[in-house]
Amino acid sequence: METILVVDFGSQVTQLIARRVREAGVYSEIAPFTKAEEAFHRLKPRGIILSGSPSGVPEEGSPRAPQMLFDADIPILGICYGQQVMSHQLGGRVESGDSGEFGRAFLTVTQDCALFDGLWEVGERHQVWMSHGDKVTQFAPGFEIVAISDGAPFAVIADEKRKFYGTQFHPEVVHTPDGAKLIANFARHVCGIAEDWTMAEFRAQKIAEIREQVGDKRVICGLSGGVDSSVAAVLIHEAIGDQLTCVFVDHGLLRQGEAEQVVSLFRGHYDMPLVHVRAEERFLSGLAGVDDPEKKRKFIGKTFIDVFDEEATKVGGADFLAQGTLYPDVIESVSFTGGPSVTIKSHHNVGGLPERMKMALVEPLRELFKDEVRELGRELGLPEQFVGRHPFPGPGLAIRIPGEVTKEACDILRKADAIYLEEIRKAGLYDAIWQAFAVLLPVRTVGVMGDSRTYDRVCGLRAVTSTDGMTADVYPFPSEFLSNVATRIVNEVRGINRVVYDYTSKPPGTIEWE
């Protein structure tokens, strides 16, 4: 398959570049600049995109691209830092500016180039999104200026002979309205790659790969009921049938009716071998008295592994472990500098199992982003109620109950959460929201219900919009909607007498509360 290689210099939005290329029907992969040469030889790409970076080209020790990329005689697009490092390495000059451009800006097209074909004309002004302090002050030999902005006289540069292009702005973000089209122009028209990245092709390719990898051996899959593990399980089952056994660990921290839905779908609809482990008491007893969120996550992760290990032994073991690992997980596991990165919170995963159980991994989704997994789920015929579900964390309700987790607290939260989601669906808003959920706070407040005084818990409501979960904005519910939800929760859920709405974006907050 013809590919675009995205070289990562550490930008927070590098993943968006790969996504925009794939949205254009062209396959792409990301490699940190330290491994770009290795990725180049493996992928044999038809084009290269150089990402932005938190570093500055004039800084000592800042990242550089392997020179062989520029000598490979294939098209290159440099974005922000990518433009600057390309200019520097090919003989231009980059300097730290007295003032930068941050946020929305407007550029003027001064000359035609292949990147603009069918999109931008000479003399037009277009909105873009800038985020730079340094800037190119002298372009490299062979380049020409094709667009300018107030803060960047080299807003877009082009060497049409070598098919090298550089944009000082970020076309990958939604704040550049025509950005996705510019990236599509580069991938399809400049690089000449056909629009052949489809889920139908990916499905057929992965089924063949799974059959070749597994042969006649057995696979075991930890099924959470979430989108990722569900899609992985159905894809693998399509490839190898009853050689796959799924283990569903019901830890008592799921949403209302969730366990029944999972068992019904996979045993009933797909007739898939499924072990349903009821482990609520084991998890809740272990969480008694624990209020630190990291300790909760670590206990749940370890206990999940213990239960899964025990059940895998009972069914006779397996040679392979299936996981719903996604491409962002793969990318984020490798620092672009090779150094340590900051841990905001631990992630519940069964990644500790292969070493303990001596199994090889089957990870058929590791090349896909979340939205592509949903698309694959639809391609496989999964019900929309599963494919379109909002993300749900591995530790479940435990991280939506700040403080100690008890069965009583879980039951209260389950009811409140179900009412909230029911009202969202009734209003036709579910698909417009990335994630919505209720939180049961460790706070009691005085209330009046009937003629009696109450002293009960506070329920927080959270709803955000996002494209990838990396950043998120608050969903702007009408006040009437929130009032209606609050009234229903207070009236119908014993133990809650006050409801609040969380208006915090990400950053500075995270989407989940713990």
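Residues numbered from 1 in each chain as written. Predicted model: local features only at pLDDT ≥ 70, side-chain atom pairs only at ≥ 80, totals over all residues. Heavy atoms only, no water.

Lay out the environment of Cys 191 with the relevant residues and their values.
Summarising the element assignment, Cys 191 is placed in the loop between helix H5 (179-190) and helix H6 (199-214). As a C-alpha pair, Cys 191 and Leu 482 span 291 residues in sequence and 50 Å in three-dimensional space. The residues touching Cys 191, leaving out its near neighbours within four places in the chain, are Ile 4, Arg 46, Gly 47, Pro 75 and Phe 186. (Helix = DSSP H or I, 4+ residues; strand = E, 2+ residues; numbered from the N terminus. Contact = heavy atoms within 4.5 Å.)

A description of the confidence of the model for the chain should follow, citing residues and the corresponding values.
Note that predicted coordinates carrying low pLDDT should not be read in detail. Summary statistics for the chain give a mean pLDDT of 88 and a share of 92% for residues scoring 70 or more. For residues 335-351, every residue scores under 50 in pLDDT, and the model assigns this stretch 28 contacts once sequence neighbours within four places are set aside. (pLDDT = per-residue confidence, 0-100.)

An account of the environment of Ile 305 is requested, with residue identities and associated values reported.
Topologically, Ile 305 is positioned in helix H10 (residues 293-314). Along the sequence, Ile 305 and Val 249 sit 56 residues apart, while their C-alpha atoms lie 9.8 Å from each other.

Any details on helix H13 (residues 370-379)? Residues and values, ideally.
Burial in H13 covers these residues: Lys 370, Glu 372, Val 373, Arg 374, Leu 376 and Gly 377. Lining the buried residues of H13 we find helix H1 (14-23), H6, helix H7 (227-240) and helix H14 (384-387). Positioned one or two residues after H13, Gly 381 has a phi angle of 85 degrees, which is positive. (Buried < 20%, exposed > 50% of the residue type's maximum accessible area, 1.4 Å probe, protein only.)

Just give me the short version of the nonpolar core, but keep the residues and values in it.
One recurring pattern in soluble globular proteins is that nonpolar side chains are buried together. With 50 residues, the main nonpolar core has Tyr 420, Ile 424, Leu 461, Phe 477, Ile 489 and Tyr 501 as its most contacted residues. If you tally residues by element for this core, the top one is helix H15 (residues 407-426), at 9 residues. If near-sequence neighbours (up to four positions away) are discounted, Ile 424 is found in contact with Leu 429, Tyr 430, Ile 433, Ala 436, Phe 477 and Phe 481. By size, the runner-up hydrophobic cluster in this structure holds 43 residues, among which are Phe 202, Val 214, Val 263 and Leu 376. (Core = buried A, V, L, I, M, F, W, Y, C linked by side-chain atoms within 4.5 Å.)

Describe the packing of H7 against H13, and please don't skip the residues or the numbers.
The interhelical angle for the contact between H7 and H13, taken along N-to-C directions, is 45 degrees, at an axis separation of 10 Å. By the criterion of interaxial angle, the relationship of H7 to H13 is oblique. Crossing hand, H7 versus H13: left-handed. Residues Val 227, Asp 228, Val 231 and Leu 235 of H7 form the contact with H13, whose participating residues are Lys 370, Val 373, Arg 374, Leu 376 and Gly 377. (Axes fitted to C-alpha atoms, helices over the stretch in contact; angles between N-to-C directions. Parallel < 35°, antiparallel > 145°, perpendicular 65-115°, else oblique. Left-handed = near helix turned anticlockwise from the far one by under 90°.)

Report on the pairing of strand S9 (residues 164-167), specifying residues and quantitative values.
In S9, alternate side chains face the same way, and those of Phe 164 and Gly 166 on one face and Tyr 165 and Thr 167 on the other are all buried. Here strand S4 (residues 76-79) pairs with S9 via 4 bridges, running parallel. Bridge assignment links Leu 77 to a residue of S9, and that residue is Tyr 165. Two elements, strand S8 (residues 156-159) and S9, share 4 bridges in a ladder whose sense is antiparallel. Across the sheet, the residue bridging to Asp 159 is Phe 164, located in S9. In textbook terms, the turn of a hairpin is the stretch between consecutive antiparallel strands, and for S8 and S9 this stretch comprises 4 residues, one of which, Lys 163, has a positive phi near 60 degrees. (Pairing = 2+ DSSP bridges.)

Mind laying out the side chain of Thr 325, listing which residues take part and the relevant values?
Looking at the element boundaries, Thr 325 is found in the loop between strand S13 (320-322) and helix H11 (327-332). Engagement of the side chain of Thr 325 in a polar contact is seen with the side chain of Glu 363, the distance being 2.7 Å. (Polar contact = N/O pair within 3.5 Å; in protein donor to acceptor, adjacent residues only side chain to side chain.)

Let's hear about H6: which residues, and what values?
With 16 residues, H6 should reach 22 Å at 1.5 Å per residue; the first-to-last C-alpha distance of 22 Å fits that figure. Along H6, the residues that are buried comprise Met 199, Phe 202, Arg 203, Lys 206, Ile 207, Ile 210 and Val 214. Taken end-on, H6 shows its buried residues confined to a sector of 135 degrees, consistent with a single buried face. Looking at the packing, one finds that the buried side of H6 touches strand S10 (219-222), H7, S13, strand S14 (360-362) and H13. (Expected span 1.5 Å × (residues − 1). Arc of directions from axis to C-beta.)

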